[in-house]
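The residues making up each chain are set out below.
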Amino acid sequence: MAATGSSFSGKAAIVGIGETGYMRGTDQSILQMILAASMTAINDAGLKPSDVDAVIPPPGFVAWDEIAAHLGIPDVRYTSCPQMGGASPTAGLTTAAMTIAMGLAEVVLLPIGWNGYSALRPRPDARPNRRRFSAAFFDVVKNYYAPYGLRSAPWWYSLYLQRYVKEYNVPPEAAGAVALACRAHAQLNDKAMMRGKPLTMDDYLASPYITEPLRKLDCCVETDCAAAVIVTSAERAKDLPHVPVTILGGAEGHPNRPDELINRKDVLDLGLHLAAPRAFRMAGVTPADMDFLQVYDCFTYVVLLELEALGYAKRGEAAGFVKDGNIQLGGKFPLNTHGGLMSQGHCWGMNHIVEATRQLRHDAGPAQVENCELGLVTGYGDLGDGSIAILARGTR
Amino acid sequence: MTDFPEIKVPRPDELDLEFYQAVAKAGALHVQRCNACGAWRHPATYYCPRCASGDYSFAPASGRAKVYSYTVSHMSVEPQWQARAPYVTIVAELDEGPRLIATARDMPADKVAIGMPIRIVPETKSPDFAVFWAESTRKETPDE
């Protein structure tokens, strides 16, 4: 499991985590939520804001310099931002690990947050919010998708997910198994938005279509929230309060072409198909070694494709992997043990990193995967960008 | 279709504008083509992904296509589309190679299948924009 060549494998660890509540409506601004989650993560790491010397900001809404100013970080030695939507936080772990391995900085803060619920439904008395998210592909959407009634993510992604379903006869029960696993795990999580709302396969199949093949219950939940993690060197991590969660491998990958969804040779090839083998190679482990999977779950069918990209099933065969409780706690590969974007809340996958850390600290409460040592986190965003991090309990 | 509220017409920039102006002016489908190697591409890019040439034109395309994928939207957050729901959106693979998005016209959802032949027909909306319709090329036969 040793690092090879000049890789950053094993040289950096997650030592602090923080998250706000997962809310439908809040009086807090995006900046306030991001600062609160950041401060929680810094405290959790047993550090002070003045210990932070690098910031990897979100790919929108809030800039690194505001974060540094409000938290009182005196000396930002490095800042950089992966621009890939929901793949950004997990890609940010690679950036953080590289930054540390190269000696550019020692304590890296990665926060993200947004008002995914309130942006669309501002309270009458809410203070004005001018925070916007922007990406290069927005022009493609404006000029080629939106004029056809395809305004946001479910409509864009349905264009290729329907081909997946039709080409491989993917049964809705396979997507339902993902929704049910996330929902079942949310029942164990005090912070999950869908706690207290269990879900059956009949409920899932009765869920109305938004845009085929996506039913309402194939989509994640709109959320106001923020989350953050602190990454530091493996050496420094040993002196901090929690068991370090070491970054063994990390990689990103992007479909060709990356700015547009449908003019790819094979529209079912995600960035993660390229990233996953790179990360496993760097980490020196295999998919079979994972004790849990925190997989970016903006839509259930995207999870199925990601599981194939990770190597858990052949193309078109993820349905066989997710059945019979295999991805539920107690199964072989528990998936999204916090409830995921589907049932905990949409925090751009930073909540997946927080949960993976909690699991590997053996601090995941009733959702704990017993004696877990290794797990993975994925990110997916901006029309198919992919990222992955392979994490381990303790330093190696 | 004229009873529905009008869709919002975008104002494209740069190469997207060149593409739409070529279509809108001709009232016929045009797609970007490399003047060096002849490869077609869409949406337009400044360099050819096959031969790296920056020399291109917007050339007439046949409009012949097949359904590569599609979706049936049962709802929309936009009133002009909610009024049309359910609406069928096609990913059309042109005979020339590139794929583009079009709204199905006179093609009910249960008649759409991947691989079926279609024709892409542009409709000029402004000097700077056109939308594409997808029409079946099959003759209607009762209870096929």
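From a predicted model like this one, the values you see are computed outputs, not experimental measurements.

1. As for the overall build of chain A
Across its full length, chain A holds 13 helices and 11 strands. The C-alpha radius of gyration of chain A comes to 19 Å, within 12% of the 21 Å expected for a compact globule of 396 residues. Approximately 14000 Å² of chain A is accessible, and the part contributed by carbon and sulfur atoms is 51%.

2. Quick word on the packing of aromatic side chains
Inspection of every chain in the model, using the stated rule, returns 24 aromatic pairs over all chains. Ring geometry for Phe19 of chain B versus Phe132 of chain B: centroids 6.1 Å apart, planes at 40°, classification tilted. Of the two residues, Phe19 of chain B is situated in helix H1 (residues 14-26) and Phe132 of chain B in strand E8 (residues 129-136); the sequence distance between them amounts to 113 residues. For Phe19 of chain B, a relative accessible area of 1% puts it in the buried group. Clustering of aromatic rings is evident, with ring pairs tying together Phe61, Trp114, Phe133, Phe137, Phe138, Trp156, Tyr157, Tyr160, Phe299, Trp348 and Tyr380 of chain A. For Arg121 of chain A, the ring lying beneath its charged end belongs to Tyr117 of chain A, and the centroid distance is 4.1 Å.

3. Re the interface of chain B and chain A
In this assembly, 38 residues from chain B lie in contact with 29 residues from chain A. Both sides of the chain B and chain A interface together cover about 2900 Å² of buried area, and 52% of this is carbon and sulfur. When the buried area of chain B at its contact with chain A is split by residue, Tyr68, Arg99 and Ile101 of chain B rank highest and sum to 20% of it. Asp13 of chain B is paired through a salt bridge with Lys142 of chain A; the nearest N and O atoms lie 3.9 Å apart. The tally of links from chain B across to chain A stands at 27 residue pairs in polar contact (both at pLDDT 80 or more).

4. With respect to the sheet that holds strand E1 (residues 30-34) of chain B
Pairing is antiparallel across the open sheet formed by three strands, whose spatial order is E2-E1-E3 (chain B). Among the strands making up the open sheet, the edge pair consists of strand E2 (40-41) and strand E3 (56-60) of chain B.

5. Concerning helix H10 (residues 300-310) of chain A
Residues and elements named next belong to chain A. Extensive coverage of H10 is indicated by the burial of 11 of its 11 residues. Within the sequence span of H10, burial applies to Thr300, Tyr301, Val302, Val303, Leu304, Leu305, Glu306, Leu307, Glu308, Ala309 and Leu310. Gly311 occupies a position one or two residues after H10 and carries a positive phi of about 100°.

6. Topic: the packing of helix H1 (residues 30-44) of chain A against helix H2 (residues 64-71) of chain A
Residue and element names in this part refer to chain A. Two elements in contact, H1 and H2, have axes separated by 11 Å at closest approach and are oriented at 60°. The angle between the axes of H1 and H2 places the two elements in the oblique class. The handedness of the crossing between H1 and H2 is right-handed. Within the contact between the two elements, H1 uses Leu31, Ile34, Leu35, Ser38, Met39 and Ile42 and H2 uses Glu66, Ile67, His70 and Leu71.

7. Brief notes about the packing of helix H5 (residues 153-168) of chain A against H10 of chain A
All names here are of chain A. Where H5 meets H10, the axes come as close as 10 Å, and the angle between the chain directions of the two elements is 65°. What the angle tells us is that H5 and H10 run roughly perpendicular. The way H5 lies across H10 gives a crossing that is left-handed. On the side of H5, the interface is formed by Tyr160, Leu161, Tyr164 and Val165, while H10 contributes Tyr301, Val302, Leu304, Leu305 and Glu308.

8. Digging into the sheet that holds strand E1 (residues 12-19) of chain A
All names here are of chain A. Across the sheet, which stays open at both edges, the nine strands sit in the order E3-E2-E4-E7-E1-E8-E11-E10-E9 with mixed pairing between neighbours. Across the chains shown, the open sheet's two edge strands, defined by having one partner strand only, are strand E3 (78-79) and strand E9 (292-294). Sheet strands in contact with H1 are E1, strand E4 (107-115) and strand E7 (224-233), and its direction is about 35° off that of E7. Across the sheet, helix H13 (residues 350-361) touches E1, E4, E7, strand E8 (245-253), E9, strand E10 (374-381) and strand E11 (385-393), and the angle it forms with E1 is around 115°.

9. Observations regarding the pattern of salt bridges
Residue and element names in this part refer to chain B. Applying the stated criterion across every chain, the model contains 21 salt bridges over all chains. The closest approach of N and O atoms between Arg119 and Glu135, which form a salt bridge, is 3.5 Å. On the criterion of sequence distance, the pair formed by Arg119 in strand E7 (residues 117-126) and Glu135 in strand E8 is long-range, its members being 16 residues apart. The class of Arg119 is partly exposed, set by a relative accessible area of 38%.

Rules behind the numbers
Residues numbered from 1 in each chain as written. Chains lettered and ligands numbered in written order. Predicted model: local features only at pLDDT ≥ 70, side-chain atom pairs only at ≥ 80, totals over all residues. Heavy atoms only, no water. Helix = DSSP H or I, 4+ residues; strand = E, 2+ residues; numbered from the N terminus. Rg over C-alpha atoms; globule rule 2.2 N^0.38 Å. Areas by Shrake-Rupley, 256 points an atom, 1.4 Å probe, with all protein chains shown as cover. Phe/Tyr/Trp six-rings, centres within 6.5 Å; stacked < 30°, edge-to-face > 60°. Buried < 20%, exposed > 50% of the residue type's maximum accessible area, 1.4 Å probe, protein only. Lys NZ or Arg CZ within 6 Å of the ring centre and 35° of its normal. Contact = heavy atoms within 4.5 Å. Buried area = accessible area lost by both parts, 1.4 Å probe. Salt bridge = Lys/Arg side-chain N within 4 Å of Asp/Glu carboxyl O. Polar contact = N/O pair within 3.5 Å; in protein donor to acceptor, adjacent residues only side chain to side chain. Pairing = 2+ DSSP bridges. Axes fitted to C-alpha atoms, helices over the stretch in contact; angles between N-to-C directions. Parallel < 35°, antiparallel > 145°, perpendicular 65-115°, else oblique. Left-handed = near helix turned anticlockwise from the far one by under 90°.

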